[in-house]
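Examining the three-dimensional arrangement
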Amino acid sequence: MPDLDELLRSLRVWDPAVTALPPFDTDGVPADPLALFTDWFAEAVAAGQSEPHTVSLATADESGLPDVRIVMLHGADADGWSFASHAGSRKGRQLAGRPYAALCFYWPVLGRQVRVRGPVTSAPSREAQSDLHARSTGALAAALTGHQSEVLASPADLERASAAAWERARREPDAPVPSWTLYRLRPDEVEFFQGDAGRRHVRLRYRREQQGWTRELLWP
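A short tour of the structure in this document, coming up. (Residues numbered from 1 in each chain as written. Predicted model: local features only at pLDDT ≥ 70, side-chain atom pairs only at ≥ 80, totals over all residues. Heavy atoms only, no water.)

1. Some remarks on the pattern of salt bridges
Per the stated rule, a full pass over the model turns up 14 salt bridges. Across the pair Glu43 and Arg112 runs a salt bridge, and its minimum N-O distance is 2.6 Å. One end of the pair, Glu43, is in helix α2 (residues 33–46); the other, Arg112, is in strand β6 (residues 112–122), and 69 residues separate them in sequence. With its nearest N and O atoms 2.9 Å apart, the salt bridge here joins Arg90 to Asp67. Taken together, the residues span a long stretch of sequence, with Arg90 in helix α3 (residues 90–97) and Asp67 in strand β2 (residues 66–72) at a distance of 23 residues. Assessed through its relative accessible area of 48%, Arg90 is described here as partly exposed. Each of Arg205, Arg207, Glu209 and Glu216 takes part in salt bridges that share partners, so that together they form one network. (Salt bridge = Lys/Arg side-chain N within 4 Å of Asp/Glu carboxyl O. Helix = DSSP H or I, 4+ residues; strand = E, 2+ residues; numbered from the N terminus. Buried < 20%, exposed > 50% of the residue type's maximum accessible area, 1.4 Å probe, protein only.)

This is the structure in structure tokens:
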């Protein structure tokens, strides 16, 4: 068995050979965090960041205990940052009981994080179905397989359900999945973090107020 402590001590963050730490001039940022997020996202893609659209989603259960997992960003606009899942999944049940969540993007190739948190609402069903059917056959097959977060009796059960779902997805590319839900997180706060080799990291937080967005720097 490998020695975990030894492995951890051997690792370094932001190896100069593979990581660029660009400067972050907070004086010239846009008034709306969505515009800055779009710029940073495009820069992460251009820098070769793998799967930059994956994001950690944090929710809380009925007791207020935190939960987190990786999901895929489906879009970001004036209505909020969007992701999708089955309404009956663990995250779906938690959002139904406590409709507030946080997202965290991490793009290590640039030493950047973006943190977003705020209330979550469900988009109309027609939008959720349209979003699903615009995606790949595999995405539809996964949604049609269903039973997300339920106990699985055996791998064979998954094999059979998945095979049937793939067959239907190919045969019926517009097959409805009533439980599929498109969620939108409308941010109260958005924080942009730029790493610095001297550990003088730059943190810029946008806070939504009645008159619009307020910007402030945070100590690292």
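2. Some details on the layout of surface pockets
Estimates place the volume of the largest pocket at around 410 Å³. Together, 17 residues line the largest pocket, and Met72, His74, Ala84, Ala142 and Trp180 are the ones closest to its centre. Secondary-structure elements contributing two or more residues to the lining of the largest pocket are β2, β4 (80–86), α4 (125–133) and α5 (137–145). If you tally residues by element for the lining of the largest pocket, the top one is β4, at four residues. In the lining of the largest pocket, the residues fall into ten nonpolar, four polar and three charged. (1 Å grid on protein atoms, 1.4 Å probe; cavity = no way out; pocket = protein on both sides within 12 Å on 5 of 7 lines; lining within 4 Å. Points joined across faces, edges and corners; volume = space filled by probe spheres on them. Nonpolar A, V, L, I, M, F, W, Y, C, P; charged D, E, K, R; others polar.)

3. Some thoughts on the side chain of Ser89
When you line up the elements, Ser89 lands in the loop between β4 and α3. Reaching out from Ser89, the side chain makes a polar contact with the backbone oxygen of His86 at a distance of 2.8 Å. Every residue in contact with Ser89, bar those within four places of it in the chain, is listed here: Gln148 and Ser149. (Polar contact = N/O pair within 3.5 Å; in protein donor to acceptor, adjacent residues only side chain to side chain. Contact = heavy atoms within 4.5 Å.)

4. Re the nonpolar core
Formed by 27 residues in total, the largest nonpolar core has its most connected members in Trp81, Val114 and Phe192. Those elements that provide at least two residues to this core are α2, β1 (54–60), β4, β5 (100–107), β6, β7 (180–185), β8 (189–194) and β9 (202–209). The dominant element in this core, judged by the number of residues it contributes, is α2, at five residues. Residue contacts for Phe192: discarding those within four places in its chain leaves Phe24, Pro33, Leu36, Phe37, Trp40, Gln113, Val114, Val202, Arg203, Leu204 and Tyr206. Core analysis: the second largest hydrophobic core is formed by 14 residues, Leu140, Ala165, Ala169 and Leu182 among them. (Core = buried A, V, L, I, M, F, W, Y, C linked by side-chain atoms within 4.5 Å.)

5. Observations regarding the packing of α5 against helix α6 (residues 155–171)
The geometry of α5 relative to α6 is characterised by a closest axis approach of 8 Å and an angle of 130° between their N-to-C directions. The pairing of α5 with α6 is recorded here as oblique in orientation. Here the hand of the crossing between α5 and α6 comes out right-handed. Residues Thr137, Gly138, Leu140, Ala141, Leu144 and Thr145 of α5 form the contact with α6, whose participating residues are Leu158, Ala161, Ser162, Ala165, Trp166, Arg168, Ala169 and Arg170. Per-class residue counts for the contact of α5 with α6 are eight nonpolar, four polar and two charged. (Axes fitted to C-alpha atoms, helices over the stretch in contact; angles between N-to-C directions. Parallel < 35°, antiparallel > 145°, perpendicular 65-115°, else oblique. Left-handed = near helix turned anticlockwise from the far one by under 90°.)

6. Details of the pairing of β7
Of all six residues in β7, six are buried; the element is thus mostly enclosed. Across the two faces of β7 the burial is the same, with Trp180, Leu182 and Arg184 and Thr181, Tyr183 and Leu185 all buried. Note: β4 against β7, six bridges, orientation antiparallel. Residue Ser85 lies in a different strand from β7, and its bridge partner there is Thr181. When β6 meets β7, the two strands line up antiparallel, connected through three bridges. Its bridge partner lying in β7, Ser122 is registered against Tyr183. (Pairing = 2+ DSSP bridges.)

7. Quick word on unusual backbone geometry
In this structure, His147 takes a positive phi of about 60° despite not being glycine. Residue classification places His147 among the exposed positions, given a relative accessible area of 54%. Even without glycine at this site, Ser149 takes up a positive phi of about 75°. Mapped onto the elements of the fold, Ser149 is located in the loop between α5 and α6. Judged by its relative accessible area of 46%, Ser149 is partly exposed.

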